[in-house]
Amino acid sequence: MDLTVTIGGMKFKNPLWAASGTFGCGKEFVDFLDLSEVGAIVAKTVTLNPREGNSTPRVVETPSGMLNSIGLENKGVEHFAAEVLPEMKRYGTRVIASISGFSRQEFVECARVLSGKSTPDAIEINLSCPNVRHGHTKCLLMAQDPKATKEVIRAVKKRAKAPIIAKLTPNVTDIAEIARAAKDAGADAISLVNTYFGMAIDPLTMRPLLGNVVGGLSGPAIRPMAVKAVWEVYKKVKVAIIGIGGIMNGLDVAEFMIAGANAVQIGTTNLVEPGAMTRILREYKEYLKKMKISSARNIVGRLKTGG
Amino acid sequence: MGKKTDEICDVASNKKIAEDHFILEITAPKIAKNAVPGQFVSVQVREERATDPLIRIPLGIYRIKGKKLSLLYKVVGRGTRMLSEKKKGKKVRVLGPLGNGFMTGAPGGKEKAVVVAGGHGVAPLVSLTEKLIKDGKRVVFLIGARTKKHVVCDAELRKAGARVCVSTEDGTRGKKGYVTELLKEYLKTTESKEKKAQGVTIYACGPKPMLEEVSRIAKERKMKAQVSLDAYMVCGIGACLGCAVKTTTGYKMVCKDGPVFGSEEIVWKER
Ligand SMILES: Cc1cc2nc3c(=O)[nH]c(=O)nc-3n(C[C@H](O)[C@H](O)[C@H](O)COP(=O)(O)OP(=O)(O)OC[C@H]3O[C@@H](n4cnc5c(N)ncnc54)[C@H](O)[C@@H]3O)c2cc1C
Ligand SMILES: Cc1cc2nc3c(=O)[nH]c(=O)nc-3n(C[C@H](O)[C@H](O)[C@H](O)COP(=O)(O)O)c2cc1C
Ligand code: FES
């Protein structure tokens, strides 16, 4: 069975990747699975300068999901490139760095640092960050604004040596419009989706359950919405898609692939079952075998609609 | 640090021991082999294919006996209620051992330890107490509970050789009020008698306000205190950065850097 996928000219041994922010830098999981079996590890998002993160509580459970407001706590891109990346590159799988920033310059600076001695196999651009420069457009996040998205992707593409993946927020009216902007600016692939805005309140104290009041919803609760986002983009934009959102088993992987994803990322599930990626990969292989599909690529976008 | 395992365990027993309090005994050979007092595990209460409740429950290790692990827990919400309904013969997925235990110093010496437990905070302190006594230390164990019906473990702690004092919030047993009042009272008598409260180490586990007060009391008297913190957790292994606690050197993760911290490290009021 051929599970390999090629994205941005880069070959991956399988289409099951670990999502940013949910897999640490890989080493937290060595007791539970063989990291070389994972298709790729997307590292926690880093920014140009270190960030302390948000006040607590930062996580709370919701029906079949969770809200988080970690606030991009990280030690900065320099620390990542010097201390974390070289270690991750020894795990025998692809390593994708994830970067974010508060201006185009910050993104470019991150890409520059990641083009030094130790380089990642690809760079995921986390555009779900405050849209400072285009604040007047009422777009809270960069990835809600096609113009800001285009500017950032174009600038990073020029600087980066590795393929680049634009990770988009689903909190928009027309996700295909943003995906097209990212593709036109040179993104090699689009990751769909980051978390959905949400909040939860304790009715007895009338207080928000997150220190930051609002947060991002993830887990199986968002899967139907994420699958739809993938399908929307698949229909309208010719670009490689990485599907993300609430995947817990092999059939969930298939669902995203049928909707048009070339690969998927597993997020929240890693946090509640640290060995899950091995199980999900096994289940996905069993599914392909049962369906007599010999290459994982042949399932992409095979949604049957109509009679 | 010992290897962690996500182990599918048989429920050996799950018994009610007092109002709202249960002891779950599971067969967990891999976790039991690597665990030390003060560490914790993370228990999945949903069925294997279910999606709700998604997040696991962190519980301190109460006892390690050969291949068996016991957890002492209080039913406070949906997850712990579902856990209390798991009968003998069922399976549960348990992740551990997690975090770092208490630091007990070198065995021997005549040092004294005051152990302060609030509510279900008793759980991880019982095996700690047994270890301290085995190491030749003298232990005074202060239990704080809501009512006399909520007092647990007092008999076994006495049997192990600890001096046990109880306080209840409603005064139905022991001194009426919070356990921190009991601590202050106790320290006053030792101070006058021995004039060396400084040589006494405090170990505490319980709700955050209690730990904050314990830490204030320790600071005032220049004593050392180790506190085991409770935080909302998801992964339990330092991957999500969800269980942050503010310390004098920035945010740390309760699951990985704790749950036991030196009380002077913690910034109790975040803002
Ligand atoms: C390191 C550690 C060790 C613990 N050891 C014990 C123990 O030995 N015995 C014991 O009875 N309890 C222990 N607790 C507390 C226990 O984890 C919570 O009581 C339990 O998770 C509540 O789940 P629930 O679904 O029943 O409650 P919910 O209905 O979800 O909530 C009730 C209360 O529990 C808190 N809570 C809910 N989920 C979590 C979570 N994932 N992490 C932390 N707090 C949560 C909520 O903030 C709320 O105040 C420990 C907690 C930690 C962090
Ligand atoms: C605790 C937590 C932290 C996250 N941190 C990041 C991050 O740093 N960068 C990022 O691009 N996405 C981050 N995400 C989003 C996930 O990568 C993923 O897009 C999202 O959770 C949806 O997938 P899931 O339902 O499988 O978790 C985080 C999610 C969670 C739950
Ligand atoms: S619970 Fe995930 S870092 Fe502590």
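For the structure itself, consult the block above.
This structure is a prediction, so every number in the text was calculated from the model and none was measured.

## Some remarks on the overall build of chain A
Helices and strands together make up the secondary structure of chain A, namely eight helices and 16 strands. For 307 residues, the compact-globule formula gives about 19 Å, and the C-alpha radius of gyration of chain A, at 18 Å, lands near that figure. For chain A, the spread of C-alpha atoms along the principal axes amounts to about 55 × 50 × 45 Å. Each of the 307 residues in chain A was classed as buried or not, and the buried ones make up 62%.

## Brief notes about the sheet that holds strand β16 (residues 263–266) of chain A
Residues and elements named next belong to chain A. Pairing is parallel around the closed barrel formed by eight strands, whose spatial order is β3-β4-β7-β8-β9-β10-β15-β16. Ignoring which end each strand starts from, the neighbouring axes of this sheet average 25 degrees apart. Relative to strand β10 (residues 189–192), strand β9 (residues 164–167) runs parallel, the two sharing three bridges. Pairing of I165 across the sheet is with A189, part of β10. Of the strands in this sheet, β3 (16–18), β15 (240–244) and β16 are in contact with helix α6 (residues 250–259), which crosses β16 at around 140 degrees.

## A short note on the interface of chain A and chain B
Facing the 35 residues of chain A at the interface are 31 residues of chain B. In total, about 2,800 Å² of surface goes out of reach between chain A and chain B, with carbon and sulfur atoms giving 56% of it. Connecting chain A to chain B are three salt bridges. Linking chain A with chain B are 11 residue pairs in polar contact (both at pLDDT 80 or more). Counting only elements with at least two residues in the side of chain A that touches chain B, the list comes to β5 (59–62), β6 (65–68), α7 (268–272) and α8 (276–290) of chain A. Among the elements that take part in the side of chain A that touches chain B, β5 of chain A stands out by supplying four residues, more than any other. Residue composition of the side of chain A that touches chain B, grouped by class: 13 nonpolar, 12 polar and 10 charged.

## Here's the deal with the site of ligand 1
Residues and elements named next belong to chain B. Surrounding ligand 1, one finds 20 residues, the nearest of these being P58, G60, K74, G79 and T80. Contacts to ligand 1 include L72, whose backbone N or O atom sits 2.9 Å from a nitrogen atom. Against a free-state accessible area of 860 Å², the protein chains account for coverage of 76% of ligand 1. Listed by contribution, the elements that provide at least two residues to the shell around ligand 1 are β4 (57–60), β6 (68–74) and α2 (78–84). Of the residues forming the shell around ligand 1, the biggest block, four residues, is contributed by β4. Class assignment for the residues of the shell around ligand 1 results in 11 nonpolar, five polar and four charged.

## Examining the sheet that holds strand β11 (residues 196–199) of chain A
Residues and elements named next belong to chain A. Spatially, β5-β6-β14-β11 is the arrangement adopted by the four strands of the open sheet, whose pairing is antiparallel. Edge positions in the sheet fall to β5 and β11, since each has one partner strand and no second. Taken pair by pair, the neighbouring strands of this sheet meet at an average axis angle of 40 degrees, ignoring direction.

## A short note on the packing of α6 of chain A against α8 of chain A
Residue and element names in this part refer to chain A. One can describe the packing of α6 onto α8 by two numbers: an axis separation of 7 Å at closest approach and a directional angle of 65 degrees. For the pair α6 and α8, the crossing hand works out as right-handed. Side by side, α6 and α8 meet where G250, L251, V253, A254, M257 and I258 of the first sit next to I280, E283, Y284 and Y287 of the second. Grouping the amino acids of the contact of α6 with α8 by side-chain chemistry returns eight nonpolar, one polar and one charged.

## A short note on the site of ligand 2
Residues and elements named next belong to chain A. Near ligand 2 you find 23 residues, and of these S20, T45, G219, G246 and T268 are the closest. Here G267 contributes a backbone N or O atom positioned 3.1 Å from an oxygen atom of ligand 2. Bound to the protein, ligand 2 loses 98% of the 610 Å² it would expose on its own. When grouped by side-chain class, the residues that make up the shell around ligand 2 number seven nonpolar, 14 polar and two charged.

Conventions we followed
Residues numbered from 1 in each chain as written. Chains lettered and ligands numbered in written order. Predicted model: local features only at pLDDT ≥ 70, side-chain atom pairs only at ≥ 80, totals over all residues. Heavy atoms only, no water. Helix = DSSP H or I, 4+ residues; strand = E, 2+ residues; numbered from the N terminus. Rg over C-alpha atoms; globule rule 2.2 N^0.38 Å. Buried < 20%, exposed > 50% of the residue type's maximum accessible area, 1.4 Å probe, protein only. Pairing = 2+ DSSP bridges. Axes fitted to C-alpha atoms, helices over the stretch in contact; angles between N-to-C directions. Contact = heavy atoms within 4.5 Å. Buried area = accessible area lost by both parts, 1.4 Å probe. Salt bridge = Lys/Arg side-chain N within 4 Å of Asp/Glu carboxyl O. Polar contact = N/O pair within 3.5 Å; in protein donor to acceptor, adjacent residues only side chain to side chain. Nonpolar A, V, L, I, M, F, W, Y, C, P; charged D, E, K, R; others polar. Near = heavy atom within 4 Å. Areas by Shrake-Rupley, 256 points an atom, 1.4 Å probe, with all protein chains shown as cover. Left-handed = near helix turned anticlockwise from the far one by under 90°.

By themselves, these figures tell us nothing about what the structure is for.
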